[in-house]
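# Tertiary structure, described
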Amino acid sequence: MTSVPQEKVLDNSVKLLAEGFPFINHRVSRFQSNIFLTRLLLQNVVCLHGPEAAKVFYDPDRFVRKGAVPKWVQKTLLGENAIITMDGDAHGHRKSMFMSFMSPDGLHTFNRLLQKHWKAFIHKWEKQEEVVLFEEAQELFCRVACEWVGIPLREEEARLRAQDCAAMVDAFGAVGLRHFRGRRARSRTENWIKNLVAQIRKGELTVEEGKPAQAIAFHQDLEGNLLDDVMAAREIINLIRPTVAIAYYVAFGALALHEHPVARQKIADGEEGYAELFVQEVRRYFPFAPFVGARVKEDFSWGGHWFTKGTLVLLDVYGTLHDPKLWEHPEEFYPYRFKNWQGSAFDLIPQGGGNHTTGHRCAGEWITIEAMKVSMIFMAKFMEYEVPEQNLSYSLRRMPTYPKSKFIIRNVSSTNIND
Ligand code: HEM
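Residues numbered from 1 in each chain as written. Predicted model: local features only at pLDDT ≥ 70, side-chain atom pairs only at ≥ 80, totals over all residues. Heavy atoms only, no water.

Attention now goes to the site of the ligand. As a structural note, the neighbourhood of the ligand is formed by 26 residues, with Tyr-58, Arg-65, His-91, His-360 and Cys-362 the closest of them. Between an oxygen atom of the ligand and a side-chain N or O atom of His-91, the distance comes to 2.7 Å. Looking at the shell around the ligand, the elements that each hand over two or more residues are helix 5 (88-100) and helix 11 (229-259). At seven residues, the largest contribution of residues to the shell around the ligand is made by helix 11. For the shell around the ligand, a count of residues per class yields 15 nonpolar, nine polar and two charged. (Near = heavy atom within 4 Å. Polar contact = N/O pair within 3.5 Å; in protein donor to acceptor, adjacent residues only side chain to side chain. Helix = DSSP H or I, 4+ residues; strand = E, 2+ residues; numbered from the N terminus. Nonpolar A, V, L, I, M, F, W, Y, C, P; charged D, E, K, R; others polar.)

Right, dumping it as structure tokens:
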């Protein structure tokens with residue numbers, strides 16, 4: 001039984017790919033409703049939008065993740081049966097391990113490594129005529145992530161490993177070639193890390209005590225069993241791959257610095273707290289995750305709709321971040337909107353909503369914010385560069401998306417870097 005708008009279509013999957021990020025939001029505006037029914041992947045789907053709906057979506061008594069992520073996304077982006085597909089106590093136990101890496105000490109170590117690699121990359125770029133920032137940032141973050149996690153990365157393999165992580169991310173909204181590139185990248189990366197996990201367990205590879213690779217290799221599930229080698233590899237990759245994905249925000253952040261020279265100057269001048277406001281606005285304004293999905297755990301009623309067990313439900317991430325009821329002039333890039341922001345855990349949701357420890361909210365959100373602050377400070381304060389004529393537009397139909405030119409810079413020079 002339902003009183004909510006319903007699209008009378010056989011299937012809308014092709015339209016989803018054609019419309020991209022605003023797919024749900026288009027219909028929210030057309031139906032003037034934060035909930036509507038459609039059909040995707042040949043099944044009935046309920047689409048939800050806004051913080052009230054997000055609160056319901058993140059209630060673990062109402063939704064589960066089992067069966068919510070299509071296999072083709074697991075085989076590229078996420079890793080089959082890894083943390084994001086888990087529920088209940090098993091998920092809580094695995095998530096506690098992930099969140100233990102995000103302690104103040106863990107974040108401090110990450111920050112220190114990131115600064116070290118930013119300095120090295122700027123000095124490298126000084127010797128290059130041209131730098132493709134998006135690709136370079138992927139390698140930079142791959143090096144940081146491997147060192148932070150405790151995975152040895154040989155100099156000659158850094159580029160390939162970074163490209164593979166990027167290919168897994170690039171595959172999430174794709175069919176065809178991009179999808180197959182993502183699958184190949186995943187199988188190569190899983191083989192690489194799986195062999196290292198086996199070596200760690202046999203004592204042939206020593207990883208510093210407390211580093212995530214060591215903790216994951218010896219993590220026991222609720223029954224006291226170690227994860228099998230492949231699953232341990234998948235969860236290690238679930239730290240490295242999304243860290244490489246921060247390169248998307250770096251490319252978008254660079255675009256925002258370029259288009260807003262006053263904001264850039266405030267970061268360069270070290271205006272108190274401004275870098276964080278800027279980074280929050282980058283995460284709100286620029287597209288990354290279009291939506292997140294879950295399945296109904298048990299029948300319940302909400303918003304005029306009877307949710308039946310097993311139904312797929314999508315929460316509109318992109319649309320919620322651009323909703324004029326939540327954000328004044330959402331299509332303007334305006335970092336100060338976060339100055340006296342009284343937000344909740346359900347409105348600024350580029351990396352999911354709700355609670356980090358008990359729910360599925362992104363385990364790496366704090367790392368992402370810190371990494372972006374450091375990166376924007378390096379770009380605004382510690383380097384000078386030219387931005388030549390190029391195509392800086394990005395498509396909202398491509399998922400994921402980035403500036404088409406990948407943000408090219410020239411004549412890089414370091415300023416005020418304290419080596
Ligand atoms: C989950 C986005 C960076 C680790 C998620 C989710 C989103 C997301 C949308 C799913 C939330 C949900 O299902 O409700 C992003 C974006 C990032 C980023 C846009 C930056 C570009 C990171 C980093 C790490 C990380 C740096 C780790 C170092 C994870 C993990 C999960 C997750 C482990 C699964 C959490 C769970 O199922 O409980 N992320 N993420 N992410 N992310 Fe991130």
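After that view, the rundown keeps rolling.
As a further point, take the sheet that holds strand 5 (residues 291-296). Within the open sheet, the five strands sit side by side as 1-2-8-5-3. Their pairing is mixed. Because the sheet does not close on itself, it has two edges, and the strands there are strand 1 (35-40) and strand 3 (63-64). With six bridges joining them, strand 1 and strand 2 (residues 43-49) adopt antiparallel strand pairing. Residue pairing in the sheet places Arg-39 in a bridge with Asn-44 of strand 2. Its contacts with the sheet put helix 2 (residues 23-31) on strand 1, strand 2, strand 5 and strand 8 (312-316), and the angle it makes with strand 1 is roughly 135 degrees. (Pairing = 2+ DSSP bridges. Contact = heavy atoms within 4.5 Å. Axes fitted to C-alpha atoms, helices over the stretch in contact; angles between N-to-C directions.)

Okay, empty space enclosed by the protein next. Empty space among the atoms becomes visible once a probe the size of a water molecule is rolled across them. One pass over the structure, following the stated rule, counts one cavity of 30 Å³ or more. Computed from the structure, the largest cavity encloses a volume of approximately 30 Å³. Taken together, the residues of the lining of the largest cavity sort by class into nine nonpolar, no polar and one charged. (1 Å grid on protein atoms, 1.4 Å probe; cavity = no way out; pocket = protein on both sides within 12 Å on 5 of 7 lines; lining within 4 Å. Points joined across faces, edges and corners; volume = space filled by probe spheres on them.)

To continue, consider the coordination of the iron atom of the ligand. No protein donor other than Cys-362 (SG) coordinates the iron atom of the ligand, and that contact is at 2.3 Å. Along the chain, the position of Cys-362 falls in the loop between helix 14 (317-320) and helix 15 (365-381). (Donors = N, O, S within 2.8 Å, 3.2 Å for Na, K, Ca; no water.)

Applying the stated criterion across every chain yields a total of 31 salt bridges. Between Arg-27 and Glu-7 there is a salt bridge; the shortest N-O distance is 3.0 Å. Of this pair, Arg-27 sits in helix 2 while Glu-7 sits in the segment before helix 1 (13-19); the two residues are 20 residues apart in sequence, bridging distant segments of the chain. Neither residue differs from the other here; Arg-27 and Glu-7 are each classed as buried. Notably, a salt bridge pairs Arg-143 with Glu-139, separated by 2.9 Å at the nearest N-O pair. Of this pair, Arg-143 and Glu-139 both sit in helix 7 (residues 133-149), four residues apart, which is roughly one turn of that helix. Each of the two residues, Arg-143 as well as Glu-139, counts as buried. (Salt bridge = Lys/Arg side-chain N within 4 Å of Asp/Glu carboxyl O. Buried < 20%, exposed > 50% of the residue type's maximum accessible area, 1.4 Å probe, protein only.)

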